[in-house]
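# Reading the structure
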Amino acid sequence: MPVSISRLLRPAATALCAGMLATLPLSASASLADKATDQPAALNSFETCKADLQQQAVAAGVSAETARSVLAGAEYLERVIELDRRQPEFTTPFADYLNRRVNDTRIDKGRQLLIEHADLLQRVTNETGVPAAYLLSFWGLETNYGSYFGKMSVPSSLATLACDERRKTFFTRQLIAALQIVDEGAISPEQMEGSWAGAMGHVQFMPTVFLKHAVDADGDGRRDLWNSLPDALMSAGQFLQSMGWDGDYRWGREVQLPDNFNFALADGRRKSLEQWNQLGVTNASGGPLAEEAIDATLIVPAGHQGPAFLAYHNFKVIMGWNRSEFYAIAVGHLADRIAGAGGLQNPPPVDAPALSRDNIMQLQQQLEQRGYSAGTPDGIMGPATRAAIRQYQIANGLVADGYPGPQVLQVLQVTPAL
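Scope of this entry: the structure provided in the associated data block.

### Describing the environment of Arg166
Mapping Arg166 onto the fold places it in the loop between helix H9 (154-162) and helix H10 (168-183). Counting along the chain gives 82 residues from Arg166 to Asp84, while the straight-line C-alpha distance between them is 9.3 Å. Apart from residues no more than four positions distant in its own chain, Arg166 is found in contact with Asp84 and Arg85. For Arg166, the side chain forms a polar contact with the side chain of Asp84, separated by 3.0 Å.

Here you go:
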């Protein structure tokens with residue numbers, strides 16, 4: 001049976017045919033024709049870049065034969081550049097994000113796997129301190145429990161990105177690391193498939209993370225994150241342990257806030273559980289918070305009308321895996337559900353607007369015009385924008401949750417596109 005973790009302490013990632021081209025407007029046809037004309041030059045440049053990458057890889061210790069053969073087979077993938085350039089047109093409301101990731105199907109499958117792989121999960125927990133439900137949660141969110149690793153050739157994707165100026169240095173390191181993985185015999189280049197950005201295997205490790213944290217847990221002499229679940233889950237546990245996972249505590253918990261709570265306190269500051277208790281914060285059931293000497297940060301991802309969470313140290317560890325608060329909450333909540341907990345006491349509102357990048361840029365400009373610095377308008381809802389919203393809310397007698405709710409949008413004359 002799933003183990004309850006209701007208490008504070010630890011639970012036991014094209015081509016167009018001529019006919020289509022003929023139907024496009026003249027400007028679009030000309031643009032595509034120019035792009036087609038540029039392709040030979042791009043491919044010639046790619047071949048020159050690959051030759052340089054081959055030299056860099058050998059200088060970094062990759063065998064000459066691996067560097068030559070793998071890069072000879074690496075192809076330029078225009079689709080990878082398109083995906084790297086793509087910015088989401090709309091922000092995803094928290095309810096949409098969470099409900100798509102923490103759903104009944106994924107919860108039920110996680111509970112089934114908790115029983116099916118009990119011995120392996122217990123072994124990983126014993127060696128790393130990371131409880132089984134969290135290991136399953138990462139696995140479930142990254143590849144839906146190994147059902148989809150990505151179909152892109154990792155060497156081709158990384159070579160394409162390493163030959164692009166936007167993030168050349170980062171992806172050159174990842175490519176060389178991928179070649180080192182091939183060199184050590186972990187997997188053949190033909191089998192090395194993953195996401196468009198090079199994340200690989202059951203738990204979607206980037207190549208540099210693989211080199212540093214992947215382990216051979218099944219004793220077959222290879223670190224295989226594609227075909228060996230013991231290797232994948234132990235590697236995930238080792239990675240989390242290296243980032244400081246505290247095996248004695250959870251990720252955080254849902255809490256209830258008192259009436260007239262000062263939401264300006266949800267600005268990233270840390271307070272002890274005793275201090276949050278004194279401010280009237282309770283656990284999700286309305287009882288007092290545990291008397292533990294730990295600090296926590298209050299997070300309200302959907303504003304004052306949505307759920308509230310106290311995030312502990314392990315929340316920061318999860319964000320070391322993926323720098324998204326939404327992701328970290330999803331990992332924690334899915335782990336709770338796999339371990340037997342129920343749903344949120346205060347689910348996020350499902351009617352929150354999806355703001356476009358233009359909406360957010362307009363919001364940032366309106367805040368700047370009123371003297372609330374949100375940084376350079378970029379259409380991204382980052383910490384500076386949330387801080388500016390909070391300052392505006394305080395000055396205008398609104399609930400200072402730093403969230404662009406309907407009232408803020410109305411006053412600042414921002415009309416959501418959706």
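There is more to say, and it comes next.
### Some details on the packing of aromatic side chains
The tally for this structure, following the rule as stated, stands at 16 aromatic pairs. Taking the centre distance of 4.9 Å and the plane angle of 80° together, the rings of Phe170 and Phe171 count as edge-to-face. Between the aromatic rings of Phe261 and Phe263, the centroid separation amounts to 5.5 Å while the plane-to-plane angle is 90°, which identifies the pairing as edge-to-face. The burial state of Phe261 is the same as that of Phe263; both residues are buried. In this structure an aromatic cluster arises from ring pairing among Phe138, Phe205, Phe239, Trp321 and Tyr327. Over the ring of Tyr97 we find Arg101, and its NZ or CZ is 3.7 Å from the ring centre.

### Points about the nonpolar core
Core analysis: the biggest nonpolar cluster contains 88 residues, and Met192, Phe210 and Trp321 have the highest contact counts within it. Ignoring sequence-local partners within four residues, the contact set of Trp321 consists of Phe138, Glu142, Val203, Phe205, Ala236, Phe239, Leu240, Met243 and Tyr327. The next biggest cluster of nonpolar side chains, apart from the first, holds 17 residues, and it includes Tyr249, Leu265, Ile294 and Leu298.

### Quick look at the pattern of salt bridges
Applying the stated rule across the entire model yields twelve salt bridges. Note that Glu47 is salt-bridged to Lys50, the shortest N-O span being 3.5 Å. Placement of both Glu47 and Lys50 in helix H2 (residues 26-59) is noted, with a separation of three residues, approximately one turn of the helix. Look at Lys50 and you get buried, because its relative accessible area is 5%. Here Asp84 and Arg85 are joined by a salt bridge, their closest N and O atoms 3.3 Å apart. Taken together, the shared-partner salt bridges in this structure form one network comprising Asp84, Arg85, Asp164, Arg166 and Arg167.

### Observations concerning the sheet that holds strand S4 (residues 270-272)
Spatially, the five strands line up as an open sheet ordered S4-S6-S7-S3-S5, and their pairing is antiparallel. The open sheet terminates on both sides in strands that have one partner only, identified here as S4 and strand S5 (282-283). As paired elements, strand S3 (residues 252-256) and S5 share two bridges and run antiparallel to each other. For Gln256, the partnering residue across the bridge sits in S5 and is Thr282.

### Some points on the packing of H9 against H10
Helices that pack against each other are described as a pair by the angle of their axes relative to one another and the distance between those axes. Contact pair H9 / H10: the axes reach a minimum separation of 8 Å and the direction vectors enclose 150°. One element, H9, and the other, H10, form an angle in the roughly antiparallel class. Note that H9 runs across H10; the crossing there is left-handed. Mapping the contact onto sequence places Val154, Pro155, Leu158, Ala159, Leu161 and Ala162 in H9 and Lys168, Phe171, Thr172, Gln174, Leu175 and Ala178 in H10. Per-class residue counts for the contact of H9 with H10 are nine nonpolar, two polar and one charged.

### What about H9?
For H9, the tally of buried residues reaches nine of nine residues, placing the bulk of the element in the interior. Listed as buried for H9 are Val154, Pro155, Ser156, Ser157, Leu158, Ala159, Thr160, Leu161 and Ala162. Capping the start of H9 is the job of one residue whose side-chain oxygen sits 3.3 Å from the backbone nitrogen of Ser156: Ser153.

Cut-offs used in this document
Residues numbered from 1 in each chain as written. Predicted model: local features only at pLDDT ≥ 70, side-chain atom pairs only at ≥ 80, totals over all residues. Heavy atoms only, no water. Helix = DSSP H or I, 4+ residues; strand = E, 2+ residues; numbered from the N terminus. Contact = heavy atoms within 4.5 Å. Polar contact = N/O pair within 3.5 Å; in protein donor to acceptor, adjacent residues only side chain to side chain. Phe/Tyr/Trp six-rings, centres within 6.5 Å; stacked < 30°, edge-to-face > 60°. Buried < 20%, exposed > 50% of the residue type's maximum accessible area, 1.4 Å probe, protein only. Lys NZ or Arg CZ within 6 Å of the ring centre and 35° of its normal. Core = buried A, V, L, I, M, F, W, Y, C linked by side-chain atoms within 4.5 Å. Salt bridge = Lys/Arg side-chain N within 4 Å of Asp/Glu carboxyl O. Pairing = 2+ DSSP bridges. Axes fitted to C-alpha atoms, helices over the stretch in contact; angles between N-to-C directions. Parallel < 35°, antiparallel > 145°, perpendicular 65-115°, else oblique. Left-handed = near helix turned anticlockwise from the far one by under 90°. Nonpolar A, V, L, I, M, F, W, Y, C, P; charged D, E, K, R; others polar.

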